[in-house]
Amino acid sequence: MACLPGAPDLQGVPHVEDVASAREQGVELVLGRVDDRLSLWAPARKAAPLCVDFLGGRQGYRLAADRVRHERLIKALGKVVDAPARVCDLTAGLGRDSALMAQAGFQVLMVERQPILHALLADGLARAVGTPLASHLTLLPLADARDLAAVLEGPFHAVFLDPMFPPRDKSAAVKQDLRWLQQLCPYPDEVEEQALLAMARSLDARKVVVKRPRRAPPLAAVVASHSLEGKTVRFDVYTSPSVRK
Ligand SMILES: C[S@@+](CC[C@H](N)C(=O)[O-])C[C@H]1O[C@@H](n2cnc3c(N)ncnc32)[C@H](O)[C@@H]1O
């Protein structure tokens, strides 16, 4: 992995002059600017560069205002009781779910611990400044969510979690974005899952919503209060006594 000119400094990641030098040095992934978007790509592969684009692309399709309320995630969040409703996304990733929640009117606080994804999110957000969507999104500095219990001050309408889960389907059907995430992010073990769920449930929120593949076991083997099932994913909702009513 290496950074091209124009990419932010990432701890421990060397810089290369250009893509040709990256190829010569056998660098697998480069972070640089493509069409003024901070992007990650593999010089030796054909796959399209990865970037965060809150305003267009595939994300835009799902963000159409009349579609958003039909999204299962928005249904899982349920009725807003106290406005303005804040949601904390502790596993922001590429910001797709955060953007959906923002488009549905929630003020979303995003947490991400993977430095490249965090840099892509920050870049996507910077390009969206001035739009209503961006005014609903706040990215916290790079951090592991498990270290933020004392920092994240509620009340929140919900805390959202979408931790990595090993795919059952190893075929070409696994989407390119998911491949990038798999390449960049480790899968949590049970201890980490327990810590993440416990931390989420310790926050001042009405509910914790966890996104899982439809047939996956519940996060940290803790059974949810109820679930909303779709074709491929499931949203587990926790409204236990430890969660604000
Ligand atoms: C499956 S992806 C989330 C995708 C996201 N929901 C989206 O819409 O793009 C999981 C993300 O959570 C992040 N993550 C996992 N554990 C974390 C933690 N303890 N603190 C912060 N981020 C975490 C990973 O780095 C990864 O980017």
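Cut-offs applied
Residues numbered from 1 in each chain as written. Predicted model: local features only at pLDDT ≥ 70, side-chain atom pairs only at ≥ 80, totals over all residues. UniProt positions renumbered as here; feature names shortened; annotations may be inferred. Near = placed C-beta within 6 Å. Nonpolar A, V, L, I, M, F, W, Y, C, P; charged D, E, K, R; others polar. Pairing = 2+ DSSP bridges. Helix = DSSP H or I, 4+ residues; strand = E, 2+ residues; numbered from the N terminus. Contact = placed C-beta atoms within 7 Å. Axes fitted to C-alpha atoms, helices over the stretch in contact; angles between N-to-C directions. Buried ≥ 20, exposed ≤ 12 C-beta atoms within 10 Å, placed from the backbone. Domains from an automatic or database assignment. Core = buried A, V, L, I, M, F, W, Y, C linked by C-beta atoms within 7 Å.

With an unreviewed UniProt entry as reference, the chain is termed Ribosomal RNA small subunit methyltransferase J, source organism Alloalcanivorax xenomutans. UniProt lists a comment for the chain under the heading Subcellular location (unreviewed entry), and it reads "Cytoplasm".

**Student:** I tried to follow the site of the ligand on my own but got confused; where do I start?
**Tutor:** If you check the shell around the ligand, you find 21 residues, and the closest are Thr91, Gly93, Leu94, Arg96 and Ala145. Taken together, the residues of the shell around the ligand break down into ten nonpolar, four polar and seven charged.

**Student:** Would you mind going over the sheet that holds strand S2 (residues 30-34) with me for this structure?
**Tutor:** Paired through their backbone hydrogen bonds, the strands of a sheet run either parallel or antiparallel. With mixed pairing, the three strands of this open sheet are ordered in space as S1-S2-S3. For this open sheet the edge positions go to strand S1 (2-3) and strand S3 (37-41), each flanked by a neighbour on one side alone. Bridging between S2 and S3 involves five bridges; their strand directions are antiparallel. The partner of Val34 across the bridge, within S3, is Arg37. The strands that helix H6 (residues 115-128) touches are S2 and S3; relative to S3, the one it contacts most, it runs at about 150°.

**Student:** Could you clarify how one ought to interpret the environment of Val209 in this entry?
**Tutor:** Within the element layout of this structure, Val209 appears in strand S8 (residues 205-213). Residue Val209 is classed as buried on the basis of its C-beta count, with 28 C-beta atoms lying within 10 Å. Distance from Val209 to Val237, taken between C-alpha atoms, is 4.6 Å for residues 28 residues apart in sequence. Sequence-distant contacts of Val209, that is, excluding residues within four places in its chain, are made with Ala76, Leu77, Ala158, Phe160, Phe235 and Val237.

**Student:** Is there a simple way to think about the sheet that holds strand S6 (residues 137-139) in this case?
**Tutor:** Strand order in the open sheet made by the seven strands is S6-S5-S4-S7-S8-S10-S9, with mixed pairing throughout. The open sheet has two free edges, formed respectively by S6 and strand S9 (226-229), since each of these has just one partner strand. Adjacent strand axes in the sheet meet at a mean angle of 20° when their direction is disregarded. Alignment of S8 against strand S10 (residues 233-238), held across six bridges, turns out to be antiparallel. Residue pairing across strands places Val208 opposite Tyr238, the latter belonging to S10. Contacting strand S4 (86-89), strand S5 (107-110), S6, strand S7 (156-161) and S8, helix H5 (residues 96-103) runs over the sheet at an angle of about 160° to S5.

**Student:** Would you mind showing me how to read the environment of Lys231 here?
**Tutor:** With respect to the helices and strands, Lys231 occurs in the loop between S9 and S10. Looking at Lys231, the number of C-beta atoms within 10 Å reads 7, which means it is exposed. When the C-alpha positions of Lys231 and Pro213 are compared, they lie 9.3 Å apart, and in sequence the two are 18 residues distant.

**Student:** What is the right way to read unusual backbone geometry from this model?
**Tutor:** Leaving glycine out, the prevailing phi sign among residues is negative, and the prevailing peptide bond configuration is trans. With an omega of 0°, the peptide bond between Gly154 and Pro155 qualifies as cis. By the secondary structure assignment, Pro155 is in the loop between S6 and S7. Look at Ala220: it is not a glycine, yet its phi comes out positive at around 55°. Relative to the assigned elements, Ala220 resides in the loop between S8 and S9. For Ala221, which is not glycine, the phi dihedral falls at a positive 60°.

**Student:** Whenever I open this one, the domain arrangement of the chain confuses me. Can you help?
**Tutor:** Many descriptions give the size of an interface as the accessible area lost when the pieces come together. Domain annotation of the chain identifies domain 1 (2-41) and domain 2 (57-238). Relative to domain 2, the C-alpha centre of domain 1 lies at a distance of 28 Å. Tallying the contact residues gives seven residues for domain 1 and five residues for domain 2. For the side of domain 1 that touches domain 2, the element with the most residues is S3, which contributes three residues. Class assignment for the residues of the side of domain 1 that touches domain 2 results in five nonpolar, one polar and one charged.

**Student:** Quick question: what am I supposed to make of the nonpolar core here?
**Tutor:** In a soluble, globular protein the nonpolar side chains are often hidden away together inside. Among the nonpolar cores identified, the biggest contains 63 residues, and Val87, Leu120 and Val159 are the most heavily contacted of them. The element that contributes the greatest number of residues to this core is H6, accounting for seven residues.

**Student:** Which parts of the structure should I look at to understand the UniProt feature "binding site: S-adenosyl-L-methionine" (unreviewed entry) in the chain?
**Tutor:** Per the UniProt annotation, the sites labelled "binding site: S-adenosyl-L-methionine" (unreviewed entry) are Arg96, Asp97, Glu112, Arg113 and Asp162. Relative to the elements of secondary structure, Arg96 occurs in helix H5. According to the C-beta neighbour criterion, Arg96 is partly exposed, with 18 such atoms within 10 Å. Mapping Arg113 onto the fold places it in the loop between S5 and H6. We classify Arg113 as partly exposed; it has 17 C-beta atoms within 10 Å.

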